Every structure is written in C-alpha cells, then in structure tokens.
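# Remarks on the overall topology
If you want the building blocks of each chain, they are given just below.
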Amino acid sequence: MTKLQIALILSLSFLTAERGLANNVQKDSTYSFHLLKLFKLKNQWLGSGNIAGLTFNANQNIGEVFGEYKLADGDSKRVREASHIDNYSLSTESYLVINDTYFYGKLAYQNSDETGNLYTGLFNPYRGNPYIIGDSIPGANIHKESFNLSGGVAKKLTDNLSFGLLADYHIGKSAKQKDPRPRTVITDFSLHPSIIIHFPTNNLGFDLAYRNKKEDIDYLQVVTNDPDPTYFMFKGMGFYSSETGDTKSRFFNQNSISAGVQLDTKLSEFSSLTEIRATYSKEITEDGTTTIKKADAGDWKTFTIELNQQFTKYTQSAIQKITFGSSYFDGDGIEYIQDAILNDNNKTEYITLSKNLKLNRKEFDATLEYKFLKLYNHEQINWESRVYAHYKLKTEKYYYIPEIFNADYANIELGVNFEKDFYFGKMCFAPGLQLNYRHNLDQELNLSNDETITRRQNKQLYTLDFVYDTADFLNISPRINCTYKLPKSENIDELFFKIRYEFREVINSNENIGILTAKLGFMF
C-alpha cells in the first residue's frame, strides 16, 4: 500500500470521527443558501495567516464536500505546462465548534493526466525554483496524484488571549508514461502556531510557521533500452548542462520560516484587518544517490515580504469588502563549481571549489479588489459583483561573467464579474460572468547571440515562456450555479452543482485555451 493510499484511508477515518463529534453539537438553525460563503465573509481573520482567528467564528458547524472534473485544452501555455489536462478531484472543508474549541479541517485528493509538457521532471515546474531537470521526449502522458490534509484548532484561553495551531501535510507523485520516465514524489509539511491578544477595541495577532518540502526525482527506463538518453539540468534563463546515462536522480530539500503580525480595528463603519508577513526560504538541489553532485544545480534562497489589508462592512442589506495585497520577492540562485576526486575508498567524490551568485530574480505584486453583495435579508444573496486590478513587475538577471543577461516586464490585469441569484422555492439558480484583460506595460529581453554561450542555453524555451508572460490576453468565463435546499436534518443542508467555462484568447495571436470545470457536492 502506497503512502498516498495510507494517507487517504487515515484521513477518511478522521473525517468520519469528526462528523460523529459534530453531530453531538446543535447545528445552526438559519435557513438560507450560500452558507459557507457568508460564514467566511463574517470573519476577516479566516483570510489571514493566523489560525487563532477561528475563535471569531460564529457558534456554527458548517462544511462542504464536492467532487470536481476539469478539462483543459489549448496552446496558450508555457513550455513546461500541459496542452491537455484531465483532472478529477475530491475535496471537503469544514468548521466545527466543540465545547468552546474551534476546529478547521480540509482534505483534498487530485488525480490528473497531462500531455504536451516538455523539459520537466518536476511535479510543478513553475513553483519558482530555476533548477529544473527534464528531457526533450515529446508526446508522453504524465499521470499525477496528490493528497492534501490540513487541520487547525483554536481556543480562547482567557478573556485576553487566544491560541491556535495549524498543520498541513501534502504528498504527491507523478510519472511520465514514456522512457526515460521520471518517477517524482513530493512531501510537504508545515506547522503554524499563532496567538491573538484581545484588547477592548482591538485585537493583535502573531504567528510563526515552519515548512519543509522534499521532492525526489528518479529517471528510469522501463520499456526501451536506449543506451544514451539525454537529461537536461536547467539553471535559469534557459542555461543548462546535460549528460547521458541509463538513470538520473535529483533531490530537492526546502526549508522555510515565516512570521506574521495582524491588527484588527474599526474604521468608521468598516472592520479593518492589517497583516504583515515575512518569509525566508532555502532550497538545496543535489544530483545522484550514493555520489552527490551539486555542480549541475544550485541553492535557491528567497525572501518575501507581504502586506495585506481587508476592510469589511456587513449590514442587513449588503456586504462590502475591500482588499489590498502587495508583496516583494527577492530570490538568489547560487551555483557550485566542483571537482571530481577519488577518495580513500577509491570512489568518486565531488568537492566544492567555490560558490557564486549566478541568478537574481525580483518580483513586485499589488492587487486591489472591491466586492459587493446585495442581500434580500441578512442571509439571502440577491446579486454580487467584484472588480479588481493586479499589477506585476518582474526582473531577472543571469550573471555569465563578464556578461549579464536580463529579462524584465511589467503587466497590469483588470477584471470584473457579476452573478445574479434567482430563487424558486427550495432552489436557487445563479448565472454569472467574469471578464479579465491583461495588458503588458513594458518589457525588455537581452540574451546572447554568441554561439560559444548559446550552445549551453535553450533560448527558444526561455523566449517562448517570456512571450507567454508578457502577452496581452482576454479571458471570458461564464458560469452557472444551481443549489437545492434539503429539508432540515442533522447532516446535509443543501446540494449544489456548478459549471464554468473559461476561454482565454491571446491578443494578436491564434493561441487560446479553454477550461471546463464541473463541480457537484453538498453542504453539511
């Protein structure tokens, strides 16, 4: 039995026990639709990184379970992304109150098949680390499975202090169905303690987090017997080294720490929550199993600082929410120069001669969003709308001494969506439409034309990704949500079915992609 299967069985057992405890607690008697959406809007702390904010929840047990199918097909994508995806998932999320102790739980399982990915053996090649291993074998199907379990608990210890703890565990595996095929396994665990100090008119929160993520990649030949498969070890901006061999192994190990502070207060008729967070991360990359080599990869050190601001106004007739978020990211890629020697046991060993800064990446993001929900009454949505603007600035430099190559761009994205609810007794029918437009404000790409340099650089791969990141596009996404309210019971409150189609067209290009998502589930 695999780790994934064991984790799934244990989690389902936990969910069954959890629901048994919840059934001993009286459920909220409110008769309305959109229970979970309204529940989350009432507590701004649920949008922060402080799990102790669960203590501000209403004295209500609520959750949802749903299955989802996603089908994506098109050529508007980055090189390492799939052109066709079939994805199935099963998820549940719940909030419980038991003896004045607040609980949060989330389970998610995904199973997908992808085609069209190139030059990648990673589970998620666009997670930020520039040290990517891959091969150029096209036309292969990649099968992925992942499972995520999150659990949180919070309790008000005194009138002035609340404590919370959140744990998150993620395991995933992927395998390409064509030689040389990478077998990839990831494990990701984080622990997140937090406190909130209560004052008469304000609340001050602090939280810490530790995260460890490992990714193990083993290239194997199962069917063919090609004596010379080629592996490419990328280092950023398309630069790479390569080697041939029957097998190839790579191991990633990431450790990160973060700290956040939150302050909520009242500003006129709005509730305000301000959060500042800083995160430091170091991810090392090693090739080999018995003989460790680092010269074909490097260390990825990053620092991120975030500012998030929420303003919420909740009345009997409407909910207004203003959200502002900004972040600054700085990442350094440190490469190794190593030499191979024979140790005392007459085995090859790599010693480090020097370490050098070769890649620097900086990103600045800012998003402003306004959301308005018109209510029939305190718990019934009439219609809702949302507008937002997102600005992104990215700069990247690769130091190929004495040359320095750079790739810079700035984009702005604007979006609006509207959804109207129609009620027919115990049924709710809610069509909606979302529009997004991204426009490139500025771009600069400087790469070498010197063949002595470009022979170790895949310029086409990097350029195609740069074109994708700087392209103007229009996104249109209609959706329909249908909900049926069941008679009052201790278990299921409502059934729902949601379907959405997203179509993205690149301006002045024939590239596009369509994504169909269907979701079926129930609230409890």
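Our structure's up above, just so we're on the same page.
Residues numbered from 1 in each chain as written. Predicted model: local features only at pLDDT ≥ 70, side-chain atom pairs only at ≥ 80, totals over all residues. Heavy atoms only, no water.

Following the sequence through the fold, S256 ends up in strand β11 (residues 248–267). Since its relative accessible area comes to 9%, S256 is described here as buried. Dropping the residues within four chain positions of it, S256 is found in contact with A209, Y210, R211, T279, Y280 and S281. (Helix = DSSP H or I, 4+ residues; strand = E, 2+ residues; numbered from the N terminus. Buried < 20%, exposed > 50% of the residue type's maximum accessible area, 1.4 Å probe, protein only. Contact = heavy atoms within 4.5 Å.)

We now examine the sheet that holds strand β9 (residues 230–236). Taken in spatial order, the three strands line up as β4-β9-β10 in an open sheet, and their pairing is antiparallel. A strand with exactly one partner marks an edge of an open sheet, and here the two such strands are β4 (133–134) and β10 (239–244). Taken together, the six bridges between β9 and β10 define a ladder with antiparallel strand orientation. When the bridges of β10 are listed, M233 appears paired with S241. (Pairing = 2+ DSSP bridges.)

On to the packing of aromatic side chains, then. In the structure shown here, the tally under the stated rule is 21 aromatic pairs. For the ring pair F239 and Y400, a centre distance of 5.3 Å and an interplane angle of 25° mean the geometry is stacked. One end of the pair, F239, is in strand β10; the other, Y400, is in strand β16 (residues 380–400), with 161 residues separating them in the sequence. Using a relative accessible area of 3% as the deciding quantity, one classes F239 as buried. By relative accessible area, which is 26% here, Y400 ends up partly exposed. Feature note: the residues Y119, F232, F234 and Y240 constitute an aromatic cluster, connected by ring pairs. The side chain of R78 reaches across the aromatic face of Y126, ending 4.0 Å from its centre. Positioned above the aromatic ring of F234, the side-chain terminus of R80 is 4.8 Å from the ring centre. (Phe/Tyr/Trp six-rings, centres within 6.5 Å; stacked < 30°, edge-to-face > 60°. Lys NZ or Arg CZ within 6 Å of the ring centre and 35° of its normal.)

Turning to the pattern of salt bridges, a few remarks are in order. This structure, assessed with the given rule, holds 24 salt bridges. We note a salt bridge from R78 to E81, for which the minimum N-O separation is 2.9 Å. Take E81: its relative accessible area is 22%, and that puts it in the partly exposed class. One salt bridge in this structure joins K392 and D365, with 3.6 Å as the shortest N-O distance. Taken together, the residues span a long stretch of sequence, with K392 in strand β16 and D365 in strand β15 (residues 348–377) at a distance of 27 residues. Classification of K392 as buried rests on a relative accessible area of 19%. Residues participating in the shared-partner salt-bridge network are E243, K248, R250 and D287. (Salt bridge = Lys/Arg side-chain N within 4 Å of Asp/Glu carboxyl O.)

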